[in-house]
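# Close look at the chain arrangement
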Amino acid sequence: MSQVVTFGEIMMRLSAQSHLRLIQASQFDVTYAGAEANVAVSLANFGIDVAFVTKLPKNDLGLAVLRILRQYGVDTSYICFGEGRLGLYFLETGFSQRPSKVIYDRANSVFALSNPDDFDWDKILENAKWFHFTGITPALSDNLVESCRNALKKSKEKGIMTSCDLNYRAKLWSEEKARQVMSELVEYVDVLFANEEDAEKVFGIKADNSNIIEGKLSLKGYEQVCTRLQEKFGFKKVAISLRESIVANVNKWSGVLMDGKDFYSSKQYTVHIVDRVGAGDSFAAGLIFGFLNNMKPQESLEFAVAASCLKHTIAGDFNQVSIDEVKKLAKGEGSGRVVR
């Protein structure tokens, strides 16, 4: 009965403690995370009925994932199980001029080795209004390219809105392979999410007068990116989160939205970061929430940017904030004063 269905891999995240480097770490904090699972948890926290679809190992780690997702109110009815391993990733949190670092250990995970027949999309999408995936999922295997294609085609048959976060990961596939695969898959996508460099990495569409390395981003340049993406692929909406990095733990954060022919930009926040991983997913979730609740485009964008701004202050990939907290920040209540 879920309104929203998300599809992807969830992994065990092993984080070095207290800004230690991975080569220094003698123990790790354990959480569970994955782009589409992060979106599902955010939406569940906002009161949306949401199901997360994946394949898990038939062991205690798979059961641990189920319990975590259920704890947040995510529907796990369509998760399947098989023999194999849970994917892992290791996180070193950066500070000042030292960037954060991620090491994946997810090759040949039970999800990466899943078959298209593992997922009955006719049943999974029976009552859905929205289907969401990211570019990470088809990057994991050719079988998952087919699974994503099957889900998107079935969504189109049923008149379900579809969204994709490009989420380009150079450690998973090349720009050439990403462009080939994603150019086909996004033909079935209504709403595209991206960060400040995804469109360039995947589709070769670059913002003028912007320099990602120096953290100098041009709103006019990203309006052109959104326009070109719409013209090339016919998206109904395109949203891009914009990160201007001062140092690893201090960033400026904002976003833009192209809704039809109208272009919107959000207020910008200066964020002192606890954990930036999952911020883009919380941005996508905030926009999906706004669209499902018929918010006006500017209101949806401000909600999404405020939600993802708050995510930077929360440890772990999941954005554990309420609608009220997000709306207060969007209205300007961001001083950080103690709430009594």
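Each remark here, short or long, concerns the structure printed above.
The paragraphs below set out a description of the structure included in this document. Remember, predicted model here, so these are calculated numbers, not experimental data. (Residues numbered from 1 in each chain as written. Predicted model: local features only at pLDDT ≥ 70, side-chain atom pairs only at ≥ 80, totals over all residues. Heavy atoms only, no water.)

So, on to empty space enclosed by the protein. A complete count under the given rule lists two cavities of 30 Å³ or more for this structure. Of the voids in this model, the largest cavity is the one considered here, and its volume is about 40 Å³. In terms of lining residues, the largest cavity is bounded by T93, G94, S100, A248, N249, I273, V274 and R276. Here the residues of the lining of the largest cavity are counted per class, giving three nonpolar, four polar and one charged. Lining the second largest cavity are L91, T93, S100, D275, R276 and V277. When grouped by side-chain class, the residues that make up the lining of the second largest cavity number two nonpolar, two polar and two charged. (1 Å grid on protein atoms, 1.4 Å probe; cavity = no way out; pocket = protein on both sides within 12 Å on 5 of 7 lines; lining within 4 Å. Points joined across faces, edges and corners; volume = space filled by probe spheres on them. Nonpolar A, V, L, I, M, F, W, Y, C, P; charged D, E, K, R; others polar.)

Below, the discussion takes up the nonpolar core. Soluble, globular proteins show a tendency: their nonpolar side chains are buried together. Within the largest apolar cluster, 57 residues are counted, with the highest numbers of intra-cluster contacts made by I10, L43, F52, L69, V74 and V326. In this structure, L185, V186, C226 and V256 belong to the second largest nonpolar core, which totals 53 residues. (Core = buried A, V, L, I, M, F, W, Y, C linked by side-chain atoms within 4.5 Å. Buried < 20%, exposed > 50% of the residue type's maximum accessible area, 1.4 Å probe, protein only.)

Position of K232 relative to the elements: it lies in helix α8 (residues 219-233). As a C-alpha pair, K232 and Y168 span 64 residues in sequence and 19 Å in three-dimensional space. (Helix = DSSP H or I, 4+ residues; strand = E, 2+ residues; numbered from the N terminus.)

With the rule as written, the count across this model stands at zero disulfides. Of all cysteine sulfurs in the structure, the one in C148 sits closest to C80, which takes part in no disulfide; the separation is 14 Å. (Disulfide = S-S within 2.5 Å.)

Here we take up the side chain of T162. Looking at where T162 falls in the secondary structure, it is placed in strand β10 (residues 161-165). Looking at T162, the relative accessible area reads 0%, which means it is buried. Setting aside chain neighbours within four positions, we find T162 in contact with W130, F131, L152, S155, K156, Y188, V189, D190 and V191. (Contact = heavy atoms within 4.5 Å.)

With that out of the way, let us pick up the sheet that holds strand β7 (residues 88-92). With mixed pairing, the four strands of this open sheet are ordered in space as β3-β2-β7-β8. Looking along the sheet, the strands with just one partner apiece sit at the ends: β3 (28-33) and β8 (101-105). Each strand of the sheet is rotated relative to its neighbour by a mean of 25°, with strand direction disregarded. Relative to β3, strand β2 (residues 11-16) runs antiparallel, the two being bridged by six bridges. Its bridge partner lying in β3, M11 is registered against A33. (Pairing = 2+ DSSP bridges. Axes fitted to C-alpha atoms, helices over the stretch in contact; angles between N-to-C directions.)

Attention shifts here to the layout of surface pockets. In this structure, the largest pocket encloses a volume near 1500 Å³. Taken together, 49 residues line the largest pocket, and the ones lying closest to its centre are V102, R169, N195, E197 and R276. Elements supplying a minimum of two residues to the lining of the largest pocket: α1 (35-45), β7, β8, β11 (191-194), α7 (198-203), β12 (237-247), β13 (250-259) and α9 (279-292).

This paragraph deals with the pattern of salt bridges. A full pass over the atoms with the stated rule returns 18 salt bridges. Between R21 and E92 there is a salt bridge whose closest N-O contact spans 2.9 Å. Taken as a pair, R21 in the loop between β2 and β3 and E92 in strand β7 lie far apart in primary sequence, 71 residues in all. The residue D105 makes a salt bridge to R85 at a minimum N-O spacing of 3.1 Å. In this pair, D105 sits in strand β8 while R85 sits in the loop between β6 (80-82) and β7, placing the two residues 20 residues apart along the sequence. Residue classification places D105 among the partly exposed positions, given a relative accessible area of 32%. What makes R85 partly exposed here is its relative accessible area of 27%. Among the charged side chains, a salt-bridge network with shared partners connects D122, K154, E157 and K158. (Salt bridge = Lys/Arg side-chain N within 4 Å of Asp/Glu carboxyl O.)

All right, on to the environment of K101 then. When you line up the elements, K101 lands in strand β8. Note: C-alpha distance between K101 and L166 (65 residues apart in sequence) is 20 Å. Among residues more than four places away in sequence, those in contact with K101 are R21, L22, F90, L91 and E92.

Moving on: the packing of aromatic side chains. Evaluated as defined, the whole model comprises 15 aromatic pairs. For the ring pair F289 and F303, a centre distance of 5.0 Å and an interplane angle of 25° mean the geometry is stacked. Separated by 14 residues along the polypeptide, F289 in helix α9 and F303 in helix α10 (residues 297-311) bring together distant segments of the chain. Taken as a pair, F289 and F303 share a single burial class, namely buried. Members of the aromatic cluster, each reached through a chain of ring pairs, are F7, F111, F119, W121, F131 and F133. (Phe/Tyr/Trp six-rings, centres within 6.5 Å; stacked < 30°, edge-to-face > 60°.)

By themselves these figures say nothing about function.
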